[in-house]
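Observations on the three-dimensional arrangement
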Protein chains: 2
Amino acid sequence: MTIKVFGANGSTSTLRVLACLAEKDLDYEFVTVDMPNKEHKKPEYLSRNPFGQVPVLEDGDLKLFESRAITQYLAHTYADKGTDLIIKDPKKMAILAVWIEVESQKFDPAASKLAWELAYKPIFGMTTDDAIVDEYEKKLSEVLDVYESRLSHSKYLGGDSFTLADLHHLPNLKYLMGTNAKKLFDARPHVSAWAAEIQSRPAWIKAFTS
Amino acid sequence: MTIKVFGANGSTSTLRVLACLAEKDLDYEFVTVDMPNKEHKKPEYLSRNPFGQVPVLEDGDLKLFESRAITQYLAHTYADKGTDLIIKDPKKMAILAVWIEVESQKFDPAASKLAWELAYKPIFGMTTDDAIVDEYEKKLSEVLDVYESRLSHSKYLGGDSFTLADLHHLPNLKYLMGTNAKKLFDARPHVSAWAAEIQSRPAWIKAFTS
């Protein structure tokens, strides 16, 4: 049974799933969704994801969307394959779940907005809005201050090992590190070391070069 | 060992946790965080939640923040108490996890913004921004269109039974139903029936009247 990923180049959510598949050492078939021709808004694709977004993962008869639900599924279902991305101990798992939520609720809203303004808009020939950049750099800085403190006494965000809590950051990190927002990470030594280390993981390099 | 909740009146995130505790039929001690006097920004509270927000849950020596991480912890740790809010079957749980993410990534950003503009601002004597209301009513409508379709063939969002995927909506629903945004729910029969049913659950009524 082949795992299929329906995704698009340059989609951070797609990359999140590919990063997870690479860490779990799982083979998959990648199906490019033709977004310029609005394939993601056509009935066949909407039957996979009613929000008309990428990615979708199919594993046998199971169809899943929402990148963080897909990574959870992969981490639990293929627990014995590749890197263990969750933690068996229930209390440690509860702490890990907190940091998964922090990425989703705190880091991602600021990081995605900055990636859009600083990385994607220039590609599309659009003008970056400096006021929005200022506002969201401030928000991201507040999040990274908490990360700096957390990473001064925990090797990774979720605990002692690399887990989904770290992995979920990788796609936004990749885009932001090529922009002026890199300074926010560079200014914080523990954050900077963490970001460099998780970005150098072979599975991550494989994910975005495959 | 008593469960402690550090929270505040009128906080939707606090209510999310109280709703879960009520469904799980768990006793707890409620500690009001004195937000008008900035108790949530003082070192003692920041040691519980470095983001300085409510709620925090303490269960023995375990301290957790982020409401959706707390509800997950309660649902898993107290699986045999009260209402089962997760699903044992791994494939059905994967689908449930998708809809938990949908609430977090799609419903909440629109619903929270509307609740702020339409319910909270008037309480604080602030002026509602009609352009923001228009923008986010449109976003919420798109989400509710997907819900209407989902609920036409699934009794609850996450599957056949009431789960965390439904429960997480309750606090925003409570605030929005007292505003003009109620029309968005009323216009969709399956959404409207679902919203009415989950809001009439005794555990929910207990949660916000306790």
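Predicted, not measured: the structure shown is a model, and the values here were computed from it. (Residues numbered from 1 in each chain as written. Chains lettered and ligands numbered in written order. Predicted model: local features only at pLDDT ≥ 70, side-chain atom pairs only at ≥ 80, totals over all residues. Heavy atoms only, no water.)

Some points on the environment of Lys63 of chain B
Residue and element names in this part refer to chain B. Relative to the helices and strands, Lys63 is located in strand E4 (residues 62–65). Expressed as a C-alpha distance, the spacing of Lys63 and Asn172, which sit 109 residues apart in the sequence, is 25 Å. Polar side-chain contacts of Lys63 include one of 3.5 Å to the side chain of Glu58. (Helix = DSSP H or I, 4+ residues; strand = E, 2+ residues; numbered from the N terminus. Polar contact = N/O pair within 3.5 Å; in protein donor to acceptor, adjacent residues only side chain to side chain.)

Quick look at the relation of the copies chain A and chain B
Between chain A and chain B, which share one sequence, the superposing operator has a rotation angle of 180 degrees and an axial displacement of 0.0 Å; the RMSD is 0.0 Å. Classification of the inter-copy transformation places it as that of a two-fold axis. Here 100% of the contact residues of chain A are again contact residues in chain B; the copies associate through an equivalent surface. (Least-squares fit on C-alpha atoms with pLDDT ≥ 70 in both. Contact = heavy atoms within 4.5 Å.)

Focus on helix H1 (residues 12–23) of chain A
Each α-helix turn comprises 3.6 residues. Residues three or four places apart therefore point the same way. All names here are of chain A. With 12 residues, H1 should cover 16 Å at 1.5 Å per step; its first-to-last C-alpha distance of 16 Å lies within 8% of that length. In terms of burial, H1 is a largely internal element, 11 of the 12 residues being buried. Thr12, Thr14, Leu15, Arg16, Val17, Leu18, Ala19, Cys20, Leu21, Ala22 and Glu23 are the residues of H1 that are buried. At the exit of H1 stands Asp25, carrying a positive phi of roughly 55 degrees. (Expected span 1.5 Å × (residues − 1). Buried < 20%, exposed > 50% of the residue type's maximum accessible area, 1.4 Å probe, protein only.)

As for the interface of chain A and chain B
Chain A puts 27 residues into the contact, and the matching count from chain B is 27 residues. With both chains or domains summed, chain A and chain B bury close to 2500 Å², and 67% of this area falls on carbon and sulfur atoms. Among the ionic pairs, Glu66 of chain B bridges to Lys106 of chain A, the shortest N-O distance being 2.8 Å. Along the contact surface separating chain A from chain B lie eight residue pairs in polar contact (both at pLDDT 80 or more). If you list the elements that add at least two residues to the side of chain A that touches chain B, you get strand E4 (62–65), helix H3 (67–77), helix H4 (90–123) and helix H5 (130–151) of chain A. Ranked by the residues each element gives to the side of chain A that touches chain B, the list is headed by H4 of chain A, at 12 residues. (Buried area = accessible area lost by both parts, 1.4 Å probe. Salt bridge = Lys/Arg side-chain N within 4 Å of Asp/Glu carboxyl O.)

Section: the pairing of E4 of chain B
All names here are of chain B. Two strands pair when backbone bridges link them, and strand E3 (residues 56–59) and E4 are joined in this way by four bridges, in the antiparallel orientation. Bridged to Glu58 within E4 is Lys63. Here E3 hands over to E4 after two residues, with Gly60 in that stretch at a positive phi of 65 degrees. (Pairing = 2+ DSSP bridges.)

Some remarks on the sheet that holds strand E1 (residues 3–7) of chain A
All names here are of chain A. Here four strands make up an open sheet; going across it, the order is E2-E1-E3-E4 and the pairing mixed. Taken across any chain shown, the strands that pair with only one partner, and hence form the sheet edges, are strand E2 (28–32) and E4. Put simply, the sheet's adjacent strands are angled 20 degrees from each other on average, direction ignored. Those strands touched by H1 are E1, E2 and strand E3 (56–59), and its axis lies near 155 degrees from that of E1. (Axes fitted to C-alpha atoms, helices over the stretch in contact; angles between N-to-C directions.)

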